[in-house]
Amino acid sequence: MGLYKEVGRKKFVWFIIILFTILPIIIVLNLKEEMQRLSSFFWSLYLIPNILIMILYPKWKVIIGTALFYSILKYFTFFFEEESFSKIETAALILESFVNGAILFTVSYFALRHRKLLKHMQKLIIVDSLTGLYNRRYFDLYLEKTIPFCQRTNSPLTLIMVDIDHFKKVNDNYGHLCGDVALKHISEIIKRNVRSSDAYVRFGGEEFAIILPNTHLDEGKILAEQIRKAVEESNFIYHNEHIYISISLGVSLYEGEKVEGFIEKSDKALYSAKEHGRNQVVVFDHKDSLGRKVI
């Protein structure tokens, strides 16, 4: 429904753009001699399609190209209409273009700056500043959209919860700065091993979550083991000292429960992995509602 509204809105905007591209030409070509002094006002109507195109395609190349197009169109119409024209009329037309251009570029500058700041603020809201991964807020929004889609298409959805083993010891023995570097280290390994269609977030503290759309449980288990092995074999060095680091992972498949229940299943599998020695992948097992070690 939202897509249809967006298409309808764009069609309406383009209708206005075309209307105000043709309208000034028709008006100016049909002005009576005593009304010619108003031609500058009617040419200024070209600011409307310029600004609307800027809103649709907020890029400087498009804005400058559009401004040049309408200026050329205006000059062509003016010189086509006038059999003879004075230097004053020509100078006035050029000056008018500069004034309109100044207005357009001022509006464009502030509009693009506002858009850039808005994007930056949106990024701050959903991105973890330390690791560069998405945060818990993005995780919630992603699941809110993905779960209904998976239900409609009857496609599988798998969730992996990841926790760094003995992370407190890393902080206690090497300091919190080392802990921060370790978080970044794990984040980079996760990024390298997931698909572009997957969502990976810093869930909180030393815990991460990976959402795998259109992925069966056995496929999620394979990816989880791949990430676990990559972390175990990675060379994590802090201040010229090699520090051993490992992770535990819990995997579950979405089966129509509430979001909280879906997360809880992966959490239970993760806790089972930590209880049974850490540095392993565990898949949620319905039989005991705890977890089952993946051999």
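Refer to the preceding data block for the structure.
Conventions we followed
- Along each chain, the written sequence defines residue order, and numbers are assigned to residues from 1.
- Only residues with pLDDT of 70 or above have their local features reported here, since the model is predicted, and side-chain atom pairs are shown and tallied only from 80 upward, although totals for entire chains, interfaces and linings are computed over all residues.
- Side-chain metrics rest on all non-hydrogen atoms present in the structure, leaving aside hydrogens and water.
- Here, axes are lines fitted to C-alpha atoms. For helices the fit covers the stretch in contact, and angles between N-to-C directions go from 0 to 180 degrees.
- Comment: elements are numbered from the N terminus, with helices defined as DSSP H or I runs of at least four residues and strands as E runs of at least two.
- With respect to orientation, any angle under 35 degrees is reported as roughly parallel, any angle over 145 as roughly antiparallel, any angle of 65 to 115 as roughly perpendicular, and every other angle as oblique.
- By definition, any crossing whose near helix is turned counterclockwise from its far helix by less than a right angle is left-handed, and any crossing with a clockwise turn is right-handed.
- Residues count as neighbours in contact if any of their non-hydrogen atoms are within 4.5 Å of one another.
- Residues enter a nonpolar core if they are buried and are Ala, Val, Leu, Ile, Met, Phe, Trp, Tyr or Cys, with the set joined through side-chain atoms within 4.5 Å.
- Relative accessibility thresholds used throughout: buried, under 20% of the residue-type maximum; exposed, over 50%; partly exposed, between the two (1.4 Å probe, protein chains only).
- By convention, a stacked pair of Phe, Tyr or Trp rings (six-membered ring in the case of Trp) has centres within 6.5 Å and planes under 30 degrees apart, an edge-to-face pair has planes over 60 apart, and any other such pair is tilted.
- At least two bridges found by DSSP between two strands is the condition for calling them paired.
- Only Asp, Glu, Lys and Arg are considered charged, only Ala, Val, Leu, Ile, Met, Phe, Trp, Tyr, Cys and Pro nonpolar, and every remaining residue, Gly among them, polar.

**Student:** Is there a simple way to explain the packing of helix α8 (residues 176–193) against helix α9 (residues 217–233) in this structure?
**Tutor:** Between two packed helices, the angle of one axis relative to the other and the distance separating the axes together describe the packing. Running from N to C, α8 and α9 point in directions that differ by 140 degrees, and their axes come no closer than 10 Å. By the angle between their directions, the pair α8 and α9 is classed as oblique. The element α8 and its partner α9 pack so that their crossing is right-handed. Residue-level inspection shows Ile186, Ile189, Ile190 and Asn193 of α8 in contact with α9, the latter providing Leu223, Gln226, Ile227, Ala230 and Val231.

**Student:** Looking at this structure, how should I read the nonpolar core?
**Tutor:** In globular proteins that are soluble, nonpolar side chains generally tend to be buried together. Formed by 29 residues in total, the largest nonpolar core has its most connected members in Ile160, Ile164, Ile186, Phe208, Ile210, Ile227 and Ile247. Sorting the residues of this core by element identifies β1 (157–164), α7 (167–174), α8, β3 (207–213), α9, β6 (247–253) and β7 (281–283) as the ones contributing at least two each. Of the residues forming this core, the biggest block, six residues, is contributed by α8. Each residue touching Ile247, except ones within four places of it in the same chain, is listed here: Val162, Asp163, Ile164, Asp165, Ile186, Ile227, Arg228, Val231, Asn279 and Gln280. Of all hydrophobic cores here, the second largest spans 18 residues; its members include Ile147, Cys150, Ile211 and Leu270.

**Student:** Explain the packing of aromatic side chains here, please?
**Tutor:** For any two aromatic rings, the description comes down to two numbers: the centre-to-centre distance and the angle of the planes. The final tally for this structure, using the stated rule, is nine aromatic pairs. With 5.8 Å between their ring centres and 35 degrees between their planes, Tyr138 and Tyr142 make a pair best called tilted. Of this pair, Tyr138 and Tyr142 both sit in helix α6 (residues 136–153), four residues apart, which is roughly one turn of the helix. Among the residues examined, Tyr138 registers a relative accessible area of 18% and is labelled buried. One aromatic cluster is present, formed by Tyr46, Phe69 and Tyr70 through successive ring pairs.

**Student:** I'm lost on the pairing of strand β2 (residues 199–204) in this one. Help?
**Tutor:** A regular strand carries its side chains on alternate faces of the sheet. Bridge count for β2 against β3 is five bridges, and the pairing is antiparallel. Directly across from Gly204, in β3, lies its bridge partner Glu207. Count of turn residues in the β2/β3 antiparallel hairpin: two residues, of which Gly205 carries a positive phi of about 60 degrees.

**Student:** Explain the pairing of β1 here, please?
**Tutor:** Burial within β1 is extensive, with eight of its eight residues counted as buried. Note that β1 and β3 share seven bridges and pair antiparallel. When the sheet's bridge partners are listed, Leu157 is paired in β3 with Pro213. Alignment of β1 against β6, held across seven bridges, turns out to be antiparallel. Looking across to β6, one finds that Ile164 is bridged to Ile247.

**Student:** Please explain the packing of α7 against α8 as it appears in this structure.
**Tutor:** Running from N to C, α7 and α8 point in directions that differ by 135 degrees, and their axes come no closer than 6 Å. The orientation of α7 with respect to α8, classified from their angle, is oblique. Touching Phe167, Val170, Asn171 and Tyr174 of α7 are His176, Cys178, Gly179, Ala182 and Leu183, all from α8. Class assignment of the residues belonging to the contact of α7 with α8 gives a composition of six nonpolar, three polar and no charged.

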